[in-house]
Protein chains: 2
Amino acid sequence: MKDMIDLTVPTWDNVLEAHERIRPHIHRTPVLTSSVLNRLTGAELFFKCENFQKAGAFKVRGASNAVFGLSDAEAARGVATHSSGNHALSLSYAAGRRGIPCHVVMPRTAPQAKKDAVRGYGGVITECEPSTSSREEVFAKVQSETGADFVHPYNDPRVIAGQATCSRELLEQVEGLDAIVAPIGGGGMVSGTCLTLSSIAPNVKVYAAEPEQADDAARSFRAGHIIADDAPSTVADGLKVPLKDLTWHFVSRHVTDILTASEQEIVDAMRLTWARLKIVMEPSSAVPLATILKNPELFRGQRVGVVVTGGNVDLDRLPWL
Amino acid sequence: MKDMIDLTVPTWDNVLEAHERIRPHIHRTPVLTSSVLNRLTGAELFFKCENFQKAGAFKVRGASNAVFGLSDAEAARGVATHSSGNHALSLSYAAGRRGIPCHVVMPRTAPQAKKDAVRGYGGVITECEPSTSSREEVFAKVQSETGADFVHPYNDPRVIAGQATCSRELLEQVEGLDAIVAPIGGGGMVSGTCLTLSSIAPNVKVYAAEPEQADDAARSFRAGHIIADDAPSTVADGLKVPLKDLTWHFVSRHVTDILTASEQEIVDAMRLTWARLKIVMEPSSAVPLATILKNPELFRGQRVGVVVTGGNVDLDRLPWL
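Rules of the game
Throughout, a residue's number is its position along its own chain's written sequence, starting from 1. The lettering of chains begins at A and the numbering of ligands begins at 1, in the order of writing. Restriction of local features to residues with pLDDT of at least 70 applies here, the model being predicted, together with a cutoff of 80 or more for giving and counting side-chain atom pairs; totals for whole chains, interfaces and linings are based on all residues. Hydrogens and waters are ignored; side-chain quantities use all the structure's heavy atoms. Secondary structure elements follow DSSP: runs of H or I no shorter than four residues count as helices, runs of E no shorter than two count as strands, and numbering proceeds from the N terminus. Between the two quantities, the radius of gyration covers C-alpha atoms and the globule rule is 2.2 Å times the number of residues to the power 0.38. Think of it in three bands: with a 1.4 Å probe and only protein chains considered, a residue is buried below 20% of the maximum accessible area for its type, exposed above 50%, and partly exposed in between. Calculation of accessible area relied on Shrake-Rupley with a 1.4 Å probe; when residues are assessed, cover is drawn exclusively from the protein chains displayed. In summary, the charge assignment counts Lys and Arg as positive and Asp and Glu as negative, without counting His or the chain termini. For charged residues, the charge sits on one atom: NZ in Lys, CZ in Arg, CG in Asp, CD in Glu. Take the buried Ala, Val, Leu, Ile, Met, Phe, Trp, Tyr and Cys residues and link them wherever side-chain atoms come within 4.5 Å; each set so joined is a nonpolar core. Contacts were defined at the residue level, with two residues in contact if any of their heavy atoms lie within 4.5 Å. Fitting of the copies onto one another was done by least squares over C-alpha atoms, counting residues only where both copies have pLDDT of at least 70. When DSSP locates at least two bridges between a pair of strands, those strands are taken to pair. A carboxyl oxygen of Asp or Glu within 4 Å of a side-chain nitrogen of Lys or Arg is what we treat as a salt bridge. Planes of paired rings set the category: under 30 degrees apart is stacked, over 60 is edge-to-face and the rest tilted, where pairs are Phe, Tyr or Trp rings (Trp by its six-membered ring) whose centres lie within 6.5 Å. Each domain's extent was defined by an automatic or database domain assignment. We define buried area as the total accessible area lost by two parts upon association, computed with a 1.4 Å probe and summed across both. For the purposes of these results, a polar contact is taken to be a pair of N or O atoms within 3.5 Å, where, inside protein, one atom must be able to donate a hydrogen and its partner to accept one; residues adjacent in sequence count only when each atom of the pair is a side-chain atom. Note on scores: pLDDT gives the predictor's confidence for each residue, bounded by 0 and 100.

(A) Broad picture of the overall build of chain A. Each helix and strand counted, chain A has 15 helices and 10 strands in total. The globule rule puts the C-alpha radius of gyration for 321 residues at 20 Å, and the 18 Å found for chain A is close to it. Burial statistics for chain A: of 321 residues in total, 60% are counted as buried. When the accessible surface of chain A is split by element, carbon and sulfur atoms take 48% of a total near 11,200 Å². Side chains of chain A give 33 positive and 37 negative charges; the mean places of these two sets differ by 4 Å.

Rendered as structure tokens:
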């Protein structure tokens, strides 16, 4: 599969190209602040609201970069991916805008709202079991049948270059940041953040935030090599997937630290953000604030960007109810 | 009481003064759009997100204008009000920033979260029954005991001039608007909108949106005089209060029409906005979209500003669950 072959590391020039390419298809999302959350953390927090992004998540940046970077001949065969949800939505959205097919392999346990949304954007879903191994097996079959271009959810240089545009915008929107905290699952957003900061703001720290119950990235970081768990369980369902070689390249070189939070801490931070910032966001997006609240000494007195990665949540099943 | 005495109609100059006065104390809130909501309505909708405002609602504009317009001698005696919630939060916030007392009469049935928030900003609450008559009776007693300056939730020229800054910002943020739709309870936001539009954008229509179950403003509008109901029941709990002379002045002269929506239509529009715009907002704030969905012929092909008035909702009691 392509993610095992294409080890091209994206560059800052690729980010600039990506930003030009995707600009017509994405929102420049706003940054929100809350004096109450600042008081609670002792830091100045700047929430980059990718929950307001097209298709409801930052993933539309990378997906659009991949889709709109294809030649017409490549595009005609369509795109394909496996995803826990938001990448599937985003790739379907981008493919729909280009008018090409999008094939999606999704866990059968993914929220019904996400499946409906993928189909709403015209994506064609093939279901798999909720494990990395089943996902990859089913996907290989779908791809060989369609010949579509594989756009991996994160281990793809086009995707990482696209995600990197988020922190580029954040740096333009907020002066004097000391750190950026982003959730980590497979590491696409964190890799993009590393790419941008190491290129144009090398003094800004990058923290990755991860659920304790899916802490493979934190354990990888400490061990010095990738550790992958099959099918971990966490309310932050966007963060269950493991690092791959390309995201490991960035995470191992540029991340300051990987911080973790418990399920209860994640849910508490999610409810707190809904109550104070008045935004609808996914459990995954609450992990950064949970880790900041848990490690106040790391952030006190600092200006901290927080990436709110997505807003696609099932409003009938809120985790605090 | 002061709302029966001070009939001074605020002018555009008062709005400009108000905006300068309150600017350090409020957010310039962002405007959000959703292509899905545009498709559903056939209009271009621009949501002015006052749910992101300080204290969680547009009411901080009027409250701050009143508080920061007081002389030092007046301010020393504090401010007082009765409110269904957001004005109480906002006045407490503004008084807290000026370091003066704020006395609040609130219905005992107001959401606990709103009472906690008022106290969190340092407001002192005296409870009344959930009717207009009880509220006014208890308030008169509180005011005579404290000598505080009465800041009515809406029937006060300082408050209306403050609320008018919201549509002034919206006109700066979005070019070529055809109409603005705002919820109507007592009419403070709608009056401010009328004041701004009649002053600097007289071709932009003003629609007021009201719950069917608290449609006293719509009936007043058709009858040509104020009709007040005591204690109507609606999920849009910020919209239960009646028009007063000053808001009637604006509503009767400048509003294009008052549209109503059922309880179910309001809850559906609220859930739809949460799902698509990814924002936390109150039921009251969903009434405009409910009326737009119900009257597509009025808005099709037009550029429509929608005032999202506030985000102070009890996250443990969502009306669709």
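(B) Highlighting the nonpolar core. In this structure, A:Leu45, A:Trp274, A:Ile279, B:Leu45, B:Trp274 and B:Ile279 are the most contacted members of the largest nonpolar core, which totals 74 residues. For A:Trp274, the contacting residues outside a window of four places in its chain are A:Ile279, A:Val280, A:Met281, A:Val313, A:Leu315, A:Leu318, A:Trp320, B:Trp274, B:Val280 and B:Leu315. In this structure, B:Leu171, B:Ala182, B:Ile184 and B:Leu243 belong to the second largest nonpolar core, which totals 36 residues.

(C) The relation of the copies chain B and chain A, seen in detail. For the match of chain B to chain A, the screw axis carries a shift of 0.0 Å, the RMSD comes to 0.0 Å, and the turn is 180 degrees. The transformation just described matches what one would write down for a two-fold rotation axis. For chain B, the minimum C-alpha distance to the rotation axis belongs to B:Ile279 and amounts to 2.2 Å. Here 100% of the contact residues of chain B are again contact residues in chain A; the copies associate through an equivalent surface.

(D) How the structure looks around the sheet that holds strand E4 (residues 102-107) of chain B. Ordered in space as E5-E4-E3-E6 (chain B), the four strands form an open sheet in which the pairing is parallel. Whereas interior strands pair on both sides, the edge strands pair on one side only; in this sheet they are strand E5 (124-128) and strand E6 (149-150) of chain B.

(E) Here's a closer look at the environment of A:Val159. All names here are of chain A. Mapped onto the fold, Val 159 is located in helix H9 (residues 157-173). Separated by 93 residues in the primary sequence, Val 159 and Ala 66 place their C-alpha atoms 6.3 Å from one another. Discounting chain neighbours no more than four positions away, the residues touching Val 159 are Gly 62, Val 151, His 152, Pro 153 and Tyr 154.

(F) Main features of the pattern of salt bridges. Residue and element names in this part refer to chain A. A complete count under the given rule lists 42 salt bridges over all chains for this structure. Among the ionic pairs, Lys 244 bridges to Glu 136, the shortest N-O distance being 2.9 Å. A residue pair is termed long-range when its members are at least 10 positions apart, and Lys 244 in the loop between helix H11 (216-223) and helix H12 (245-254) and Glu 136 in helix H8 (residues 132-146) qualify at 108 residues. Each of Lys 48, Glu 50, Arg 61 and Glu 169 takes part in a single network of salt bridges with overlapping partners.

(G) Fine view of the sheet that holds strand E4 (residues 102-107) of chain A. Pairing in this open sheet of four strands is parallel, and the strands run E5-E4-E3-E6 (chain A) from one edge to the other. Two strands lie at the open edges of the sheet, namely strand E5 (124-128) and strand E6 (149-150) of chain A, each paired on one side alone.

(H) Highlighting the packing of aromatic side chains. One pass over the full model with this rule turns up 10 aromatic pairs over all chains. Relative to B:Trp320, the ring of B:Trp274 lies with its centre 5.1 Å away and its plane at 85 degrees, an arrangement referred to as edge-to-face. Of the two residues, B:Trp274 sits in helix H12 (residues 263-277) while B:Trp320 sits in the segment after strand E10 (303-308), which places them 46 residues apart along the sequence. Since its relative accessible area comes to 15%, B:Trp320 is described here as buried. Taken together, A:Trp274, A:Trp320, B:Trp274 and B:Trp320 form an aromatic cluster joined through their ring pairs.

(I) Spotlight on the domain arrangement of chain A. Residues and elements named next belong to chain A. The domain architecture assigned to chain A consists of domain 1 (2-57 + 156-308) and domain 2 (60-150). A separation of 22 Å is found between the C-alpha centroids of domain 1 and domain 2. Together domain 1 and domain 2 conceal approximately 2,300 Å² of surface at their shared face, both sides included; 47% is due to carbon and sulfur atoms. Linking domain 1 with domain 2 are four salt bridges, by the criterion used here. One salt bridge connects Arg 61 with Glu 50, and the closest N-O pair in it is separated by 2.6 Å.

(J) Quick look at the interface of chain B and chain A. Each partner contributes to the interface: chain B provides 23 residues, whereas chain A provides 23 residues. For the pair chain B and chain A, the two sides together bury roughly 1,900 Å², of which 59% comes from carbon and sulfur. Summed over the three residues of chain B that lose the most area to chain A, namely B:Phe52, B:Lys278 and B:Leu315, the buried surface amounts to 32% of that side. Taken together, the links from chain B to chain A amount to two salt bridges. Residues A:Arg271 and B:Asp316 are paired through a salt bridge, measuring 2.8 Å at the closest nitrogen-oxygen approach. Put simply, chain B and chain A have 10 residue pairs in polar contact (both at pLDDT 80 or more) between them. Residue contributions to the side of chain B that touches chain A peak at four residues, all from H12(B).

(K) Structural context of the environment of A:Gly188. Residue and element names in this part refer to chain A. Along the polypeptide, Gly 188 turns up in helix H10 (residues 188-200). A relative accessible area of 7% places Gly 188 in the buried class. Taking C-alpha positions, Gly 188 is 22 Å from Val 138, a pair spaced 50 residues apart along the chain. Once residues lying within four places of it in the same chain are set aside, the contact partners of Gly 188 are Tyr 154, Ile 160, Gln 163 and Thr 247.

(L) Structural view of helix H10 (residues 216-223) of chain B. All names here are of chain B. Looking only at H10, the buried set comprises Asp 216, Ala 217, Ala 218, Ser 220 and Phe 221. Its buried side turned inward, H10 meets strand E8 (205-211), helix H11 (245-254) and strand E9 (257-261). Of the residues trailing H10, Gly 224 is marked for its positive phi of about 85 degrees.

(M) Layout of the confidence of the model for chain A. With 98% of its residues at a pLDDT of 70 or more, chain A shows a mean pLDDT of 94. For residues 1-5 of chain A, every residue scores under 50 in pLDDT, and the model assigns this stretch 11 contacts once sequence neighbours within four places are set aside.

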